[in-house]
Amino acid sequence: MSAGAKVVVVGSLSLDMVFQVPRRPLKGETVKGFSFETFVGGKGNNQALAAARAGASTAMVGKVGKDSYGELILETLEKNGVDISAMSTDPEAGSGLANIYVDPDGDNSIIIVPRANDRLLPADIDRARPLLEKAGLLVLQLEIPMQTVVHAAELAAELDLKVLLNPAPAPDDGELPEALYKKLDYLIPNESEAGLLLQRNIDGVDAALAAARQLKKRMKPGAVVLITLGEKGVAGIGPDDEELIVAAYNVDSVDTTAAGDAFAGCLARGLTEGLSLKDAVREACAAGALATTKPGAVPSLPTRVEILNLVQAGSGKNT
Ligand code: RIB
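All chains use their own residue numbering, which begins from 1 and follows the written sequence. Where local features are concerned, this predicted model is filtered to residues with pLDDT of at least 70; where side-chain atom pairs are given and counted, the filter is 80 or more; whole-chain, interface and lining totals use all residues. As a rule here, side-chain values come from all non-hydrogen atoms in the structure, and water together with hydrogens is ignored.

## What about the site of the ligand?
The line we're drawing: Here a residue counts as near a molecule or strand whenever at least one of its heavy atoms sits within 4 Å of it. Any N or O atom pair separated by 3.5 Å or less is treated as a polar contact, with the protein-specific requirement of one donor-capable and one acceptor-capable atom, and with residues adjacent in sequence counted only for side-chain atom pairs. Per-residue accessibility takes into account occlusion by the displayed protein chains alone, with areas from the Shrake-Rupley method and a 1.4 Å probe. To qualify as a helix, a DSSP run of H or I must reach at least 4 residues; to qualify as a strand, a run of E must reach at least 2; elements of each kind are numbered from the N terminus. The residue classification treats Ala, Val, Leu, Ile, Met, Phe, Trp, Tyr, Cys and Pro as nonpolar and Asp, Glu, Lys and Arg as charged. All others, Gly included, are polar.
By nearness alone, 13 residues border the ligand, and D16, G42, K43, E143 and D261 come closest of all. Contact distances for the ligand include 3.0 Å between an oxygen atom and a side-chain N or O atom of N46. Take D261: an N or O atom from its side chain is 2.7 Å from an oxygen atom of the ligand. In the complex, 96% of the free accessible area of the ligand, which totals 280 Å², lies under the protein chains. Those elements that place two or more of their residues in the shell around the ligand are strand 2 (14-20), helix 1 (43-53) and strand 8 (108-113). For the shell around the ligand, the residue count by class is five nonpolar, four polar and four charged.

The structure is reproduced here in structure tokens:
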């Protein structure tokens, strides 16, 4: 196992089945779609690829099934320079699947069936310890078992490794273990995930700042909470309790799938390359915006050059 990646992502990998539809079907309704394509996806996989394309040395820890989807997922990671030495293939489960409906506004609805992702267990994380010992940041999401997420965060704390959690998908009851919150350096929900975590509606920058302040109290001292607000940018609270607001970039969106993953992966790159928090968030906002300009998860994840071009061109709003 090679042990040089700065960003280690522990999480899910899937095959996305994407339907372009005029609108999402209602109960009992059949809707005729425009087109269908498959893409490599899964939040963990997307975040690892986003970090690698943004320029970070990256490793992925996860599980695929012993099938052609699993082979394609591993091949795609490798082609993008992601270290897959801690990936495993489960002979008894299929690879994770996602069914995604994208409407003409680029908004989506997603159903996931975790399959092999549900079989990523604490012992798999222990096997990746050599990677974590050398890493600069552990990136987590919630498409794998919660016990595995908590175990990874605990191991990171033992190794003095910083932890970033993208709490997606957020549990309906909003409950995350206190033991997990206490290990987090960065928490990056979107508006609706933050709403679930706090069990109230969060709409707009002021509500997001109040929510970030409340979530930060549950975390490690000096932690950072960043709430992504789509077209309204990002609002959060930094390590010294300072407010951080970054405007969104103006782009023509066709599919918002993986925008949050592009944000997370690019942010991980910035944080491990010594960027200031504000600059890292600015680049991550650009990555998230760019990911909405192309269909599908993985094909839409931007490269370092594309991210820097958008940051330099700016939207006129990012000061
Ligand atoms: O965040 C986007 C991802 O969510 C998709 O790639 C899909 O696999 C789901 O996990």
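## Examining helix 7 (residues 191-198)
Working note: α-helix, 3.6 residues per turn, so residues spaced by three or four point in the same direction. Operational definition: For each residue, the accessible area found with a 1.4 Å probe, counting protein chains only, is set against the maximum for its type, and the residue is called buried under 20%, exposed over 50%, and partly exposed in between. Here, two residues are considered to be in contact whenever any of their heavy atoms come within 4.5 Å of each other.
A large share of helix 7 lies buried, amounting to six of its eight residues. Every buried residue of helix 7 is accounted for by E191, E193, A194, G195, L197 and L198. Elements in contact with the buried residues of helix 7: helix 6 (178-181), strand 11 (186-187), helix 8 (205-216) and strand 12 (224-228). Sitting at the amino-terminal end of helix 7 is N190, which places a side-chain oxygen 3.1 Å from the backbone nitrogen of S192. At the exit of helix 7 stands Q199, carrying a positive phi of roughly 55 degrees.

## Quick word on the sheet that holds strand 8
Within a sheet, neighbouring strands are paired by backbone hydrogen bonds and run either parallel or antiparallel to one another. We count it as follows: Following DSSP output, two strands are said to pair if at least two bridges run between them. Axis lines are fitted to C-alpha atoms, over the contacting stretch for helices. Their N-to-C directions set the angle, which ranges from 0 to 180 degrees.
Strand order across the open sheet formed by four strands is 3-2-7-8, with mixed pairing between neighbours. Each edge of the open sheet carries a strand with a single partner, namely strand 3 (35-41) and strand 8. The average undirected angle you get between the axes of adjacent strands in this sheet is 20 degrees. Looking at chain direction, strand 2 and strand 7 (residues 96-102) are connected through seven bridges and run parallel. Looking across to strand 7, one finds that M17 is bridged to N99. Here helix 2 (residues 68-79) sits on the sheet in contact with strand 2, strand 3 and strand 7, set at roughly 100 degrees to strand 2.

## What to know about a negative patch on the surface
Note the threshold: Patches in this entry comprise residues that are over 30% relatively accessible and not in a salt bridge; like charges within 9 Å are linked, as are nonpolar side chains (Val, Leu, Ile, Met, Phe, Trp, Tyr) within 5 Å. In what follows, salt bridge is the name for a side-chain nitrogen of Lys or Arg lying within 4 Å of a carboxyl oxygen of Asp or Glu. The charge count treats Lys and Arg as positive and Asp and Glu as negative. His and the chain ends do not count. Every charge is mapped onto a representative atom, which is NZ of Lys, CZ of Arg, CG of Asp or CD of Glu.
Side chains of D172, D173, E175 and E178 sit close together on the surface and give a patch of like negative charge. Mapped onto the fold, D173 is located in the loop between strand 10 (162-165) and helix 6.

## Here's the deal with unusual backbone geometry
Cis geometry marks the peptide bond from A168 to P169, where omega comes out at -10 degrees. Structurally, the position occupied by P169 is in the loop between strand 10 and helix 6. With phi around 45 degrees, R115 is a residue other than glycine that occupies positive phi space. Inspection of the secondary structure puts R115 in the loop between strand 8 and helix 3 (122-127).

## Describing the packing of aromatic side chains
Condition: When the centres of two rings from Phe, Tyr and Trp lie within 6.5 Å, Trp using its six-membered ring, the rings pair. Their planes under 30 degrees apart give stacked, over 60 give edge-to-face, and anything left gives tilted.
Scanning the entire structure with this criterion turns up two aromatic pairs. An angle of 50 degrees between the planes, with centres 4.9 Å apart, marks the rings of F19 and F36 as tilted. One end of the pair, F19, is in strand 2; the other, F36, is in strand 3, and 17 residues separate them in sequence. Taking the centre distance of 5.7 Å and the plane angle of 40 degrees together, the rings of F19 and Y101 count as tilted. With F19 in strand 2 and Y101 in strand 7, the pair connects residues that are 82 residues apart, well separated along the chain. Relative accessible area serves as the criterion here: at 29%, F19 is assigned to the partly exposed category. Exposure remark for Y101: the relative accessible area of 22% places this residue in the partly exposed category. Aromatic rings pair up to connect F19, F36 and Y101 into one cluster.

## Brief notes about helix 1
When you tally the buried positions in helix 1, you get eleven out of eleven residues, the bulk of the element. Among the residues trailing helix 1, G55 stands out with phi positive, at a value near 115 degrees.

## As for the pairing of strand 4 (residues 58-61)
What you see with strand 4 is no split at all: T58 and M60 on one side and A59 and V61 on the other are buried throughout. Sheet topology places strand 1 (residues 7-10) next to strand 4; four bridges connect them, and they run parallel. Looking across to strand 4, one finds that V9 is bridged to M60.

## Here we look at the state of the cysteines
For clarity, the threshold we go by: Note on disulfides: each one is a pair of cysteine sulfur atoms within 2.5 Å.
Scanning all chains against the criterion turns up zero disulfides. Free of any disulfide, C266 has its nearest cysteine sulfur in C285, 9.3 Å distant.

## What to know about the environment of M219
Within the fold, M219 resides in the loop between helix 8 and strand 12. With 32 residues separating them along the chain, M219 and L187 place their C-alpha atoms 8.7 Å apart.

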